[in-house]
Amino acid sequence: MDLAEKDYIVIVQCDIVKQRCSGYFCERSFSQRTGGFAAYPRERAYRVTYMTCGGCCGRALHRKLTHLKRMLKKHEGADKDRIVVQLSSCITQDNYHAPPCPHLDYLRTLLKKTGIDFREDTRISDKAQKRREEGVYKCEECPEP
Ligand code: SF4
Ligand code: SF4
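Every chain begins its residue count from 1, and numbering advances along the sequence as written. A letter from A marks each chain and a number from 1 marks each ligand, given out in the order of writing. Only residues with pLDDT of 70 or above have their local features reported here, since the model is predicted, and side-chain atom pairs are shown and tallied only from 80 upward, although totals for entire chains, interfaces and linings are computed over all residues. Derived side-chain values reflect all non-hydrogen atoms in the structure, with water molecules and hydrogen atoms excluded from consideration.

Enquirer: Could you clarify how one ought to interpret the sheet that holds strand β2 (residues 47-52) in this entry?
Expert: The parallel open sheet is built from 4 strands, whose spatial order is β2-β1-β3-β4. Strand pairing shows two members of the sheet lacking a second neighbour, β2 and β4 (117-120), which therefore form its edges. Direction aside, the axes of adjacent strands within the sheet are offset by 25° on average. Two strands make a pair as long as DSSP finds a minimum of two bridges between them. Only DSSP runs of H or I with at least four residues qualify as helices, and only runs of E with at least two residues qualify as strands; both kinds are numbered from the N terminus onward. Two strands pair when backbone bridges link them, and strand β3 (residues 83-87) and β4 are joined in this way by 4 bridges, in the parallel orientation. Along β4, the bridge assignment pairs L87 with E120. In this analysis, two residues are considered to be in contact whenever any of their non-hydrogen atoms come within 4.5 Å of each other. What counts as an axis is a line fitted to C-alpha atoms, over the stretch in contact for a helix, and the angles between N-to-C directions run from 0 to 180 degrees. Contacts between helix α2 (residues 60-76) and the sheet are confined to β1 (8-13), β2 and β3, with β2 contributing the most and set at about 150° to the helix.

This is the structure in C-alpha cells:
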C-alpha cells in the first residue's frame, strides 16, 4: 500500500473506550507521525475523520464505511482506493486494562468486505510497549494502550 497515494484517513476507535477517551493520543500520533502513523509522509496534507466501530460486535462499521465510500464518490468522484482506515491501538493492542478487541478478526473481515485498505495501531506508548514486551500492561498516559 502506498500511503502517498491516499487522501483520506479514517481513524476507527473502540466505541466502549471512546465513552471516556477524547482520542487525544490518536490525534497527536497522527499529527506527529508516530506509532501507527510513522509511515505517513509528513509533507502530505491528509484529510482525517474519526469514527467508532459503533459498539460490539462492530458490525456498524461496515455501514459507516460504505456510507463514506458512497459520499466521496457522489460528491467528489473519489474512489475507495484513496481511503485508508487506521484501527486504533485500543482495538489492536493488549494492555493493562483490557486485551485487544474480542471482535478484531470480525472487524478485519468487515474491512476486507468494504474493499478499503486498512492498517493497525495509532498511539504506541514507549512505556506501554516496553511493559507489553515484559508481559506487564500498564500505561498512565493513554487511557488504554
Ligand atoms: S488509542 Fe488511546 S487515544 Fe486512541 S481512542 Fe484508543 S484509548 Fe483513546
Ligand atoms: S467491537 Fe471491539 S472495538 Fe468495537 S466496541 Fe466492542 S470491543 Fe470495542
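Picking up after the structure, the text goes on.
Enquirer: Mind showing me how you'd approach the site of ligand 2 here?
Expert: Proximity criterion: a residue is near a molecule or strand once any of its heavy atoms comes within 4 Å of it. The environment of ligand 2 is made up of C14, D15, I16, C53, G55, C56, C57, G58, I91, C101, P102 and H103. In this analysis the probe radius is 1.4 Å and the grid spacing 1 Å, with only protein atoms considered; a cavity is a set of points the probe fits into but cannot get out of, a pocket is an open set with protein on both sides within 12 Å along at least five of seven lines, and lining residues have an atom within 4 Å of a point. The way we define it, a molecule is inside a pocket or cavity when more than half of its atoms are within 2 Å of that pocket's grid points. Most atoms of ligand 2, that is more than half of them, are within 2 Å of grid points of the largest pocket. Lys, Arg, Asp and Glu make up the charged group, whereas Ala, Val, Leu, Ile, Met, Phe, Trp, Tyr, Cys and Pro make up the nonpolar group; the residues left over, Gly among them, are polar. Classifying every residue of the shell around ligand 2 gives 8 nonpolar, 3 polar and 1 charged.

Enquirer: Would you mind going over the pairing of β1 with me for this structure?
Expert: The side chains of a regular strand alternate, first on one face of the sheet and then on the other. Each residue's exposure class comes from its accessible area (1.4 Å probe, protein chains only) as a fraction of the maximum for that residue type: buried when under 20%, exposed when over 50%, partly exposed otherwise. Counting buried positions along β1 gives 6 out of 6 residues, so the element sits mostly inside the fold. Two strands pair when backbone bridges link them, and β1 and β2 are joined in this way by 6 bridges, in the parallel orientation. Bridge assignment links Y8 to a residue of β2, and that residue is R47.

Enquirer: Explain the nonpolar core to me, please; I cannot follow it from the model alone.
Expert: Most often, soluble globular proteins have nonpolar side chains that are buried together. By nonpolar core we mean a set of buried residues, namely Ala, Val, Leu, Ile, Met, Phe, Trp, Tyr and Cys, connected to one another through side-chain atoms within 4.5 Å. Core analysis: the biggest nonpolar cluster contains 23 residues, and V10, V12, L61, L65, V85, L87 and I91 have the highest contact counts within it. Elements with a contribution of two residues or more to this core: β1, α2, β3, α3 (89-92) and α4 (104-114). If we skip the residues at most four places from it in the chain, L87 touches V12, T92, L104, L111, R119, E120, D121 and T122. By size, the runner-up hydrophobic cluster in this structure holds 9 residues, among which are L3, C26, F30 and F37.

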